[in-house]
Amino acid sequence: MALLPPRSRPGSRSGSRPGGRTQAGPTRRPPRRPASTAGMAVRRFRAGRIVLVLLLLASAMQLVLIQTVRSGDLTASAEKQRTTRITIAAERGAILDRNGNRLAFSTESRALVTNPRLIAVNHKEQAPAYKAEMAQAVAAATGGDPNALKALLDADRGYVVLTTTADPDVARALRERFPEIAEEKRESRQYPSGTLAANVIGAASWSADNQKLVGRVGLESSDDGVLAGTDGYQVVDTAEGSDTVIPGSTRAQEPAVPGSDVELTLDSDLQYVVQQKLQDYVAKTGARGGSAVVLDAKTGEVRAMANGGTFDPRQLGTADPATLGNAAVSSPFEPGSVNKLVTMAGALEYGLATPDEVLQVPGSIKVADRTVHDAWDHGVENYTLTGVLAKSSNVGTIMTAEKLGPDRFSDMLARFGIGQRTNVGLPGESAGSVPARQSWSGSTFGNLPIGQGLSMTVLQMAGMYQAIANDGVRIPPRIVAATIGPDGSRTAEPAPEPVQVVSAQTAAQLRTMLTAVTQKGTGGNTGTGVTAQVPGYQVAGKTGTAQQVDPSCGCYASSTYWITFAGMMPAQDPRFVMGIMLDAPGGGTSAAPLFHDVASYLAQQERIPVGEPAPVQTLVLP
Amino acid sequence: MSAPVKTPTRKRPTVSVEWQGTETRRRVPAQRGSVTVPAQRKGAAKAAYAKRDERARKAVGAPRRKGAQVVHSGRPQFVLLIMALFAAGLVLTLWLSTAASADSYTLQEARTAARDLTEQSERLHREVAALESAPTLAQRAAELGMVPVQDPARLVVAPDGGVTVVGKPSAAVRTAPPAAPATPVNPMPAVETGPSQVAADAQAQAPADPAAQAQGTDPAAQAQATDAAAQAQTPAGEQAGEAATQAQAEADRLAQQNPAQPGGA
């Protein structure tokens with residue numbers, strides 16, 4: 001309705017010439033529209049139009065400025081204000097034993113933190129009572145020490161961590177009860193078996209810098225890349241000043257890839273027995289330490305690996321740093337008579353001797369400038385080659401080694417893997433040391449055959465005997481069986497390259513000779529390792545005693561020894577190979593009883609069939 | 001210029017009058033069409049009037065060229081239809097949003113339940129892992145009084161059925177301080193290996209008879225025999241109580257019988 005009146009306006013037709021019309025016909029002008037008002041309106045209209053145009057221009061300029069010139073900066077800062085990159089933590093993979101028992105795995109947990117100063121402000125004079133209540137509740141829910149928590153809360157600090165391992169539901173309940181408590185998301189590493197295989201597995205702990213679990217020791221550290229997985233992320237917009245995600249604002253998303261599980265070749269039951277027995281034995285004999293390794297004779301897989309000292313990965317912070325390593329692969333020692341196997345293997349392999357060949361062995365032998373004695377005084381005795389090994393005669397061994405010659409001996413050492421890393425898959429592995437063939441002096445060849453002047457790890461020592469147990473084929477030991485991806489796909493570790501050390505026939509002869517070590521005969525026909533015997537089974541093995549180097553004089557000490565034993569059972573068809581080393585135990589200690597204890601367990605556990613008793617071999621002839 | 005100027009001047013009052021009353025307004029288009037545009041008008045003016053009429057017609061509303069009754073009967077129906085549609089839409093929207101928020105509560109509850117169950121499952125897994133670990137099993141077995149076996153004797157059955165005992169059977173020795181109950185012994189070797197094990201087994205299984213039980217827990221039985229009724233609390237105690245009168249007499253007799261069993265304790 002309001003549209004029509006302008007139509008009736010006189011200016012509608014003559015508006016193009018307002019001035020002329022007002023002058024021409026002022027009388028005909030409608031009384032409501034005086035001329036002066038119209039003129040002012042026109043001027044105002046013009047001015048207004050100019051102002052509007054200017055404003056429009058200014059706006060246009062600003063628009064151009066914002067949309068083009070400053071567009072990049074503004075977009076960036078706007079995004080910065082809104083955009084939040086949220087990291088999606090990847091769950092760390094588990095470590096399993098060969099039967100799928102979890103030795104290490106992760107669970108979700110919460111760290112509970114609070115601000116004691118804020119509590120003091122909020123609760124004024126009730127603060128001490130409130131803090132005591134909080135300490136009691138947190139301690140009851142998480143198993144902490146209420147007094148320690150109370151002390152934390154009483155400190156004049158702005159941030160204290162009450163616990164790092166609260167379960168999510170426990171944390172939620174506590175936070176609802178005490179609004180001052182805040183949660184922080186954590187991943188907690190569980191070691192349900194405690195010290196079991198701790199030196200192999202190692203430990204992982206929370207890293208505040210990376211906001212994730214990081215392997216610190218052992219396999220957790222060396223296989224961190226496999227276990228850790230890849231964190232995902234989510235780029236979203238959040239409401240300013242809070243973590244509230246604006247729905248539908250997800251701009252980029254990458255799901256987390258959980259870490260892979262690592263399956264070990266260890267058998268946790270056997271590991272427990274070996275570890276327990278070794279630690280008991282070390283304590284009983286007063287040794288500084290010790291290591292033991294059990295290998296599968298056919299595959300070279302490590303079934304158990306234990307050390308005298310160990311730690312609890314659940315209390316990594318308070319663990320003695322000396323116990324964190326894995327001496328079984330990282331600490332080489334001089335093996336002693338265990339190394340006589342190399343000489344015997346060479347002599348049999350090259351046809352230089354037979355097991356029942358008789359040697360006239362004197363009480364001592366001169367090698368270059370040194371004289372080597374047997375461990376016991378004797379005149380010239382008629383030992384068989386088996387007797388030399390079983391009685392552990394240094395002189396007889398050196399006589400045989402001289403027949404073999406240093407070059408073939410050196411070659412044989414290399415074939416047994418001495419002086420080379422086994423690449424078992426554990427961090428900090430030592431290769432041991434064997435003097436280079438060129439650097440051998442005259443007396444070197446009087447030391448090496450009897451296991452002095454060279455060093456090896458327990459694992460290498462067990463590896464030597466594994467070759468004999470497996471018909472002369474040495475399979476470098478491995479401890480990681482497979483990795484299991486997050487999708488459940490199992491990727492077996494590549495099989496190591498086998499090494500043919502000696503022929504199957506030589507290996508069989510050696511096994512028979514080694515059973516003489518544990519035989520109990522009459523008239524001097526008793527070996528040095530009788531205590532390793534397991535009733536019903538043939539045990540083949542070798543004892544060893546090596547003098548330790550006294551650091552004060554740089555000479556061999558006369559009272560501290562490395563006591564070793566390496567052996568296999570049952571000798572007819574070996575299933576397991578074990579290497580044991582005790583570091584400086586009390587005098588007269590042998591490692592053979594420990595072998596017996598573990599071998600007896602293995603026989604029961606693995607249901608190894610009972611076999612014929614070993615034939616009694618002649619060690620010494622009248 | 002003069003003629004067109006005059007014409008509107010003369011006509012203007014008519015137009016303004018028309019606009020003062022609604023009744024005249026209705027007739028505007030018709031009047032204009034017939035009255036204000038005479039045939040003798042020139043082209044430009046004619047076009048201008050036509051335009052103005054057109055504007056007026058637009059402002060007033062749709063021209064009523066056809067039967068007014070059709071228009072009157074159709075419009076309310078249409079409006080009602082639209083209103084009904086709107087109402088239906090409103091109801092639907094309300095219903096959907098209510099359903100959505102109700103579902104969101106259900107979803108929230110389901111999520112909470114799922115989270116709780118996940119946490120519970122994680123906790124149970126952890127407990128299972130801890131309880132099935134070798135050290136815990138060993139410890140619990142020891143608490144039950146079990147002892148690891150060292151060098152058990154084994155029976156080797158020859159193809160002809162002959163049985164050979166390999167190893168020397170011996171009772172496992174418990175090193176821990178609390179006195180071990182009868183060591184669980186495999187009955188098979190016991191049967192084969194004879195006296196000592198058989199005796200141990202026989203004794204372990206023998207006390208089914210309350211009197212024998214009373215004899216087994218000799219000092220307790222005697223104490224209860226003195227004031228039997230008062231102390232009869234446990235089943236064993238009750239049995240002992242019932243047997244109390246006989247206990248002391250039979251105890252001696254059983255004590256004499258026991259050594260008669262082969263290779264007694």
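Located above this text is the structure these notes cover.
Residues numbered from 1 in each chain as written. Chains lettered and ligands numbered in written order. Predicted model: local features only at pLDDT ≥ 70, side-chain atom pairs only at ≥ 80, totals over all residues. Heavy atoms only, no water.

Colleague: With reference to specific residues and values, describe the nonpolar core.
Modeller: Residue and element names in this part refer to chain A. Counting 88 residues, the largest nonpolar core has L264, M305 and F416 as the members making the most contacts within it. Tallying contributions element by element places helix α19 (residues 458-469) first for this core, with 9 residues. If we ignore the near neighbours within four places in the chain, the residues touching F416 are L341, V342, A345, M464, A467, I468, R474 and V501. Among the nonpolar cores identified, the runner-up in size contains 32 residues, and A292, A591, A599 and Y601 belong to it. (Core = buried A, V, L, I, M, F, W, Y, C linked by side-chain atoms within 4.5 Å. Buried < 20%, exposed > 50% of the residue type's maximum accessible area, 1.4 Å probe, protein only. Helix = DSSP H or I, 4+ residues; strand = E, 2+ residues; numbered from the N terminus. Contact = heavy atoms within 4.5 Å.)

Colleague: Explain the environment of R55 of chain B to me, using residue names and the numbers behind them.
Modeller: Tracing the backbone shows R55 of chain B in helix α3 (residues 43-60). Note: C-alpha distance between R55 of chain B and V165 of chain B (110 residues apart in sequence) is 126 Å.

Colleague: Account for the sheet that holds strand β13 (residues 358-361) of chain A, naming residues and giving values.
Modeller: Residue and element names in this part refer to chain A. Ordered in space as β13-β16-β24, the 3 strands form an open sheet in which the pairing is antiparallel. Whereas interior strands pair on both sides, the edge strands pair on one side only; in this sheet they are β13 and β24 (620-621). Inspection of the sheet shows β13 paired to strand β16 (residues 381-384) by 4 bridges, in the antiparallel sense. Bridging from a neighbouring strand, V361 pairs with E381 of β16. (Pairing = 2+ DSSP bridges.)

Colleague: Tell me about the interface of chain B and chain A, residues and numbers included.
Modeller: Facing the 28 residues of chain B at the interface are 33 residues of chain A. Taking both partners together, chain B and chain A bury about 2,600 Å²; carbon and sulfur atoms supply 53% of that area. Together, R126, D151 and R154 of chain B form the three largest contributors to the area buried by chain B at its contact with chain A, with a combined 21%. Along the contact surface separating chain B from chain A lie 5 salt bridges. Applying the counting rule to chain B against chain A returns 11 residue pairs in polar contact (both at pLDDT 80 or more). Elements with a minimum of two residues in the side of chain B that touches chain A: α3, α4 (68-131), α5 (134-143) and β1 (154-157) of chain B. (Buried area = accessible area lost by both parts, 1.4 Å probe. Salt bridge = Lys/Arg side-chain N within 4 Å of Asp/Glu carboxyl O. Polar contact = N/O pair within 3.5 Å; in protein donor to acceptor, adjacent residues only side chain to side chain.)

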